[in-house]
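One-letter residues, chain by chain:
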Amino acid sequence: MSSNIINTTPCNTEDRSGASSSSKLRAKMLSLETISQYFYMPMAQAAEEMNVSVTTLKKRCRELRIKRWPNRKLYSLKNLEKCIQEFGKNEEELELLEKERKLVEEVPDLQLEEKTKRLRRLIFKRPKAAPDQKQLLLDSLVIGLLYVFRFC
């Protein structure tokens, strides 16, 4: 007598989307606090560190209302802090940038303040100077910094 009983237990744990239940579980365990620890890395590297795929990380970020991975924004703010320290330490500017960086870590889609945008343009978009013009450029940069933080 042959048995025509069909085995109803699933052979694999994948659903229609192709994602296994273990990867879905791992993705759901990714909280904003956990993900925010990896904001300073590129997304691919962060996904690898968290043992999830980039697609899974992107989906979880969308669920958490993170539209864009903030790696480049944070890197830019970090470089801006470094440049300001090189041109002469101004505590007010450094405090503003540190506060802004912490806000971006908490709310990744946050737009930068206008002062910070102007400061970025002033430092990163400045014209390249010949060696004999460096002091002149440095003086104009300091004047520009004073303008941005005093009158804006």
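Reading the values: rules and limits
Residues numbered from 1 in each chain as written. Predicted model: local features only at pLDDT ≥ 70, side-chain atom pairs only at ≥ 80, totals over all residues. Heavy atoms only, no water. Helix = DSSP H or I, 4+ residues; strand = E, 2+ residues; numbered from the N terminus. Buried < 20%, exposed > 50% of the residue type's maximum accessible area, 1.4 Å probe, protein only. Areas by Shrake-Rupley, 256 points an atom, 1.4 Å probe, with all protein chains shown as cover. Axes fitted to C-alpha atoms, helices over the stretch in contact; angles between N-to-C directions. Parallel < 35°, antiparallel > 145°, perpendicular 65-115°, else oblique. Left-handed = near helix turned anticlockwise from the far one by under 90°. Contact = heavy atoms within 4.5 Å. Nonpolar A, V, L, I, M, F, W, Y, C, P; charged D, E, K, R; others polar. Core = buried A, V, L, I, M, F, W, Y, C linked by side-chain atoms within 4.5 Å. pLDDT = per-residue confidence, 0-100.

**Considerations on the overall build of the protein**
- Looking only at helices and strands, the protein features eight helices and zero strands.
- Put simply, the protein has 152 residues, and 29% of those count as buried.
- For the protein, the accessible surface area stands at approximately 11000 Å², while carbon and sulfur atoms represent 53% of it.

**Some thoughts on the packing of helix 5 (residues 71-87) against helix 6 (residues 91-106)**
- Packing of helix 5 against helix 6 leaves a shortest axis separation of 10 Å and a crossing angle of 170°. Between helix 5 and helix 6, the crossing angle belongs to the class labelled roughly antiparallel. As for the relative orientation of helix 5 and helix 6, their crossing is left-handed in sense. Across from Lys73, Leu74, Leu77, Leu80, Glu81, Ile84 and Gln85 in helix 5, the residues of helix 6 making contact are Glu93, Leu94, Leu97, Glu98, Glu100, Arg101, Val104 and Glu105.
- Of the residues in the contact of helix 5 with helix 6, the class split is seven nonpolar, one polar and seven charged.

**Notes on the environment of glutamate 49**
- Along the chain, glutamate 49 turns up in helix 3 (residues 43-49).
- Classification of glutamate 49 as partly exposed rests on a relative accessible area of 45%.
- Between the C-alpha atoms of glutamate 49 and tyrosine 38, which are eleven residues apart in sequence, the distance is 8.5 Å.
- Dropping the residues within four chain positions of it, glutamate 49 is found in contact with Tyr38 and Met41.

**Brief notes about the nonpolar core**
- Grouped together as the largest cluster of nonpolar side chains are 24 residues, with contacts concentrated most on Ile35, Met50, Leu57, Cys61, Trp69 and Ile84.
- Of all the secondary-structure elements, those providing two or more residues to this core are helix 3, helix 4 (54-63), helix 5, helix 6 and helix 7 (114-124).
- At five residues, helix 5 tops the list of elements feeding residues into this core.
- When sequence neighbours within four positions are dropped, the list of residues in contact with tryptophan 69 reads Ile35, Tyr38, Phe39, Met41, Pro42, Met43, Ala46, Leu57 and Cys61.

**Brief notes about the confidence of the model for the protein**
- For the protein, the average pLDDT comes to 76, and 63% of its residues sit at 70 or higher.
- Of all secondary-structure elements in the protein, the lowest mean pLDDT belongs to helix 1 (residues 21-28), at 61, while helix 3 reaches the highest, 94.
- Throughout residues 2-17 the model reports pLDDT below 50, and contacts reaching past four residues in sequence, or to other chains, amount to seven contacts.

**A word on the packing of helix 5 against helix 7**
- Running from amino to carboxyl end, helix 5 crosses helix 7 at an angle of 65°, the nearest separation of the two axes being 11 Å. Accordingly, the angle class assigned to the pair helix 5 and helix 7 is roughly perpendicular. As for the relative orientation of helix 5 and helix 7, their crossing is left-handed in sense. Within the contact between the two elements, helix 5 uses Ser76, Leu77, Asn79, Leu80, Cys83 and Ile84 and helix 7 uses Thr116, Leu119, Arg120, Ile123 and Phe124.

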